[in-house]
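Summary of structural features
What follows is the residue order along each chain.
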Amino acid sequence: MAEPVIEAKGLGVKFAMNRRRKRSMREMFIHGTKRDPNKGETDFWALRNVSFDVAKGECVGIVGKNGTGKSTLLKMIAGVLIPDEGTVTVRGKVAPLLELRAGFNDQLTGRENVNLVGSLHGMSPKTLEEKFDEIVDFAEIKPGFIDTPVRHYSSGMKVRLGFALISQLEHPVMLVDEVLAVGDKSFRNKCYDAIDRMLANERTMVLVSHSEGDLRRFCNRGLYVRQGELVLDTDIKAALEAYNADTKAEIDKRKKKDGKAA
Ligand SMILES: Nc1ncnc2c1ncn2[C@@H]1O[C@H](COP(=O)(O)OP(=O)(O)OP(=O)(O)O)[C@@H](O)[C@H]1O
């Protein structure tokens, strides 16, 4: 049997709730500048004990409430976040469409970003030159804007350019986080066609989305993540049904509580 393209074993990651909190001079004097006296007390596991395999050509949707660890899981697969427990093996290069903007730098122009991010993902100068007009066309960026710093772009423009660039990569694994929700309707249709083409090409995709339509359209499998735990690994229909049933139960419970309080 072929080896899985993505293999996650006992993945876990914890964060510190107060990571940004500044320490007082007194704390630094008592504990030194290196050791954080709050460490341990405020760490929480954003994800834990997550194991699954993804085979070549599968499209897996990750479903779950806000803040349950979906994006965190995608970041670990992408290799931008190192797990505190377990391992994730990805066989093949990854085209990541995470956090909406493909890692663009606001101070650089659209052209500079396309060239920089494209080359960071392994596109040669020749490929970038050949594909450049196609990328700008796909993203529907008006000619003057491509030489303007992306801080002046609308959020939709940034996402469109990011998608146009990353979708040119021929990497075997695609990670997509909520990108489809941002574009307008006509752009979304273009993205659907682009993703269909990529999936027809035996690529593997992991998609995080709150859109049931998008998940049902592309995914054959669903992982349901609840409070940092992988509670179901099944077909996408069953994963969505379980998630919807939990959501309904939660809403009913809240209504009942509100009714009692009134
Ligand atoms: N860098 C970080 N530092 C501290 N906490 C973090 C960090 N990144 C994520 N978290 C926390 O980890 C948990 C999971 O976040 P994550 O973004 O993975 O959720 P999500 O399921 O993708 O949510 P959403 O549907 O809202 O996008 C949340 O409680 C979040 O606040």
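A brief report on the enclosed structure follows. Fair warning: this is a prediction, and the values are worked out from it, not measured in the lab. (Residues numbered from 1 in each chain as written. Predicted model: local features only at pLDDT ≥ 70, side-chain atom pairs only at ≥ 80, totals over all residues. Heavy atoms only, no water.)

1. Quick notes on the sheet that holds strand E7 (residues 204-208)
Taken together, the six strands give an open sheet; going across it, the order is E5-E6-E7-E3-E8-E9, and neighbouring strands pair in mixed fashion. Edge positions in the sheet fall to strand E5 (94-97) and strand E9 (229-235), since each of these pairs with one other strand and no more. Taken over all neighbouring pairs, the strand axes of this sheet differ in orientation by 15 degrees on average, direction set aside. Of the pairings in the sheet, the one linking strand E6 (residues 173-177) to E7 comprises five bridges and is parallel in character. Within E7, the position partnered with Val173 by the bridge is Thr204. (Pairing = 2+ DSSP bridges. Helix = DSSP H or I, 4+ residues; strand = E, 2+ residues; numbered from the N terminus. Axes fitted to C-alpha atoms, helices over the stretch in contact; angles between N-to-C directions.)

2. As for the site of the ligand
For the ligand, the full set of nearby residues is Phe15, Phe44, Ala46, Lys65, Asn66, Gly67, Thr68, Gly69, Lys70, Ser71, Thr72 and His210. Contact with the protein chains hides 63% of the accessible area of the ligand, taken as 640 Å² for the molecule alone. Of all elements in the fold, only strand E2 (43-54) and helix H2 (70-78) reach the threshold of two or more residues within the shell around the ligand. Broken down by element, the shell around the ligand gets its largest block of residues, three residues, from H2. Taken together, the residues of the shell around the ligand break down into three nonpolar, seven polar and two charged. (Near = heavy atom within 4 Å. Areas by Shrake-Rupley, 256 points an atom, 1.4 Å probe, with all protein chains shown as cover. Nonpolar A, V, L, I, M, F, W, Y, C, P; charged D, E, K, R; others polar.)

3. A look at the nonpolar core
Leu161, Phe163, Met205 and Phe218 are the most contacted members of the largest nonpolar core, which totals 47 residues. Not counting the four nearest positions on each side in its chain, Met205 is found in contact with Glu58, Cys59, Val60, Met174, Val176, Ile195, Leu199 and Phe218. (Core = buried A, V, L, I, M, F, W, Y, C linked by side-chain atoms within 4.5 Å. Buried < 20%, exposed > 50% of the residue type's maximum accessible area, 1.4 Å probe, protein only. Contact = heavy atoms within 4.5 Å.)

4. With respect to helix H6 (residues 185-200)
Here H6 spans 23 Å end to end across 16 residues, near enough to the 22 Å set by a 1.5 Å rise per residue. Among all positions of H6, only Phe187, Cys191, Tyr192, Ala194, Ile195, Met198 and Leu199 are buried. Taken together, the buried residues of H6 touch strand E3 (59-63), helix H4 (125-139), helix H5 (155-166), E6, E7 and helix H7 (212-218). Note on H6: the residue one or two positions beyond its end, Glu202, has a positive phi of about 65 degrees. (Expected span 1.5 Å × (residues − 1).)

5. With respect to the sheet that holds E2
If you trace the three strands from one edge of the open sheet to the other, you get E2-E1-E4, paired in antiparallel fashion. Each edge of the open sheet carries a strand with a single partner, namely E2 and strand E4 (85-90). Neighbour-to-neighbour, the strand axes of this sheet turn through a mean angle of 30 degrees, independent of strand direction. Inspection of the sheet shows strand E1 (residues 6-16) paired to E2 by eight bridges, in the antiparallel sense. Bridging across to E2, Phe15 finds its partner in Phe44.

6. A word on the packing of helix H3 (residues 110-120) against H4
The contact between H3 and H4 brings their axes to 11 Å, and the two run at 130 degrees. Overall, the two elements H3 and H4 adopt an arrangement that is oblique. In the packing of H3 onto H4, the handedness of the crossing is right-handed. On the side of H3, the interface is formed by Arg111, Val114, Asn115, Gly118 and Ser119, while H4 contributes Leu128, Phe132 and Ile135. Residue classes in the contact of H3 with H4 are distributed as four nonpolar, three polar and one charged. (Parallel < 35°, antiparallel > 145°, perpendicular 65-115°, else oblique. Left-handed = near helix turned anticlockwise from the far one by under 90°.)

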